[in-house]
Amino acid sequence: MENLKLIALDDEDLAIFSAHLQDAVVKTVDMGFLPRLQRFAMVLNRFDWDQQVCANETVRRRTGLHFERVRDVKCRNMEEARRTGVLNLLAVTFIPGETPSGFVLLTFSGGAEVRLEVECIEAGMRDLGPAWGCTHAPRHPVPEEVPEPKGTAA
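The notes below deal with the structure included here.

Cut-offs used in this document
- In this convention, every chain numbers its residues from 1, walking through the sequence in written order.
- The predicted origin of the model limits local features to residues at a pLDDT of at least 70 and limits the giving and counting of side-chain atom pairs to 80 or more, whereas totals for whole chains, interfaces and linings rest on all residues.
- Processing note: side-chain calculations cover all non-hydrogen atoms of the structure and skip hydrogens and water entirely.
- Strands are runs of DSSP state E lasting at least two residues, helices are runs of H or I lasting at least four, and both sets are numbered from the N terminus onward.
- Three labels apply to residues, based on accessible area from a 1.4 Å probe with only protein chains included: buried if under 20% of the type maximum, exposed if over 50%, partly exposed otherwise in between.
- Pairs of residues are marked as contacts when any of their non-hydrogen atoms sit within 4.5 Å.
- Surface exposure here means Shrake-Rupley accessible area, sampled with a 1.4 Å probe, where a residue is shielded only by the protein chains that are shown.
- Residue types Ala, Val, Leu, Ile, Met, Phe, Trp, Tyr and Cys, when buried and joined through side-chain atoms within 4.5 Å, form a set referred to as a nonpolar core.
- Polar contact is defined as a pair of N or O atoms within 3.5 Å, subject to the rule that within protein one atom must be able to donate a hydrogen and the other to accept it, and that residues adjacent in sequence are counted only when both atoms are side-chain atoms.
- We count a salt bridge whenever a side-chain nitrogen from Lys or Arg sits within 4 Å of a carboxyl oxygen from Asp or Glu.
- What the arc covers is the set of directions going from the helix axis to the C-beta atoms.

1. Section: the overall build of the chain
Move 1: Of the regular secondary structure elements, the chain holds two helices and ten strands.
Move 2: For the chain, the α and β elements follow one another from N to C terminus as β-α-β-β-β-β-β-α-β-β-β-β.
Move 3: Burial statistics for the chain: of 154 residues in total, 35% are counted as buried.
Move 4: A sequence separation of at least 24 residues applies to 65% of the contacts in the chain between residues at least 6 apart.
Move 5: With the model as given, the accessible surface of the chain reaches about 9,800 Å², and the carbon-plus-sulfur share is 52%.

This is the structure:
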């Protein structure tokens, strides 16, 4: 597969980013806010869900992600990340404000969040180099099926 190079200008585009970035691993030192440039950027090790080298080897790629027109950045529940220095990205979402502004929410495992206050959605994502193999694919527990209530009439 060729390296990804994507832009996001709306919440639907961010949903595509989120799908590609699910389970990416990022070091806290590889994240930064440049207030004078109104830019937030990070470099992640993205799990490539679309590519598998062989039956028991999957792929990660180094990927850059940046957001423009960022007014402010807030972090929450980052205690574990401060201790380990590593975060596992679960989702990228948009919370609308007064159009076109709002908040981009980066949700990490363990309840950690980074919230970007943005004038509008303007973001880019790009693979930065070759892929490498990894032997452990991320796993997410499947919720148990909820049994149907007994005694309901059809």
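2. Structural notes on the nonpolar core
Move 1: One finds Phe-40, Met-42, Phe-67, Leu-106, Phe-108, Val-114 and Leu-116 to be the most contacted residues of the largest nonpolar core, which totals 30 residues.
Move 2: Beyond its immediate chain neighbours, meaning those up to four positions away, Phe-40 contacts Met-31, Gly-32, Phe-33, Leu-65, His-66, Phe-67, Val-70, Val-73, Leu-106, Val-114 and Leu-116.

3. Overview of the side chain of Glu-68
Move 1: Among the structural elements, Glu-68 can be located in the loop between β5 (57–67) and β6 (70–76).
Move 2: On the basis of relative accessible area, Glu-68 is assigned to the buried category, the value being 12%.
Move 3: Within the local environment of Glu-68, its side chain forms a polar contact with the side chain of His-66, the two groups lying 2.8 Å apart.
Move 4: The contacts of Glu-68, once residues within four sequence positions are left out, are Leu-37, Gln-38, Arg-39, Val-118, Cys-120 and Glu-122.

4. With respect to the pattern of salt bridges
Move 1: The tally for this structure, following the rule as stated, stands at eleven salt bridges.
Move 2: The salt bridge involving Asp-72 is made with Lys-74; its shortest N-O contact spans 3.1 Å.
Move 3: You can call Asp-72 partly exposed: its relative accessible area is 26%.
Move 4: The class of Lys-74 is partly exposed, set by a relative accessible area of 44%.
Move 5: It is possible to trace a salt-bridge network through shared partners that takes in Arg-46, Asp-48, Arg-61 and Asp-127.

5. Some details on helix α1 (residues 11–21)
Move 1: All of the buried residues in α1 are Leu-14, Phe-17, Ser-18, His-20 and Leu-21. Viewed end-on, α1 has its buried residues packed into an arc of 165°, placing them on one side of the element.
Move 2: Asp-23 sits one or two residues past α1 and shows a positive phi near 75°.

6. Details of the environment of Gly-124
Move 1: Its place among the elements puts Gly-124 in strand β10 (residues 123–134).
Move 2: Its relative accessible area of 5% is what places Gly-124 among the buried residues.
Move 3: In sequence terms Gly-124 and His-66 are 58 residues apart; their C-alpha atoms lie 5.4 Å from each other.
Move 4: Leave out the neighbours within four places in its chain, and Gly-124 touches Leu-6, Ile-7, Phe-17, Gly-64, Leu-65 and His-66.

7. Some thoughts on the side chain of Thr-63
Move 1: With respect to the secondary-structure elements, Thr-63 resides in strand β5.
Move 2: Polar contacts involving the side chain of Thr-63 include one to the side chain of Arg-46, which spans 3.4 Å.
Move 3: Ignoring any residue separated from it by four or fewer positions in sequence, one finds Thr-63 in contact with Leu-21, Met-42, Val-43, Leu-44, Arg-46, Met-125, Arg-126, Asp-127 and Leu-128.

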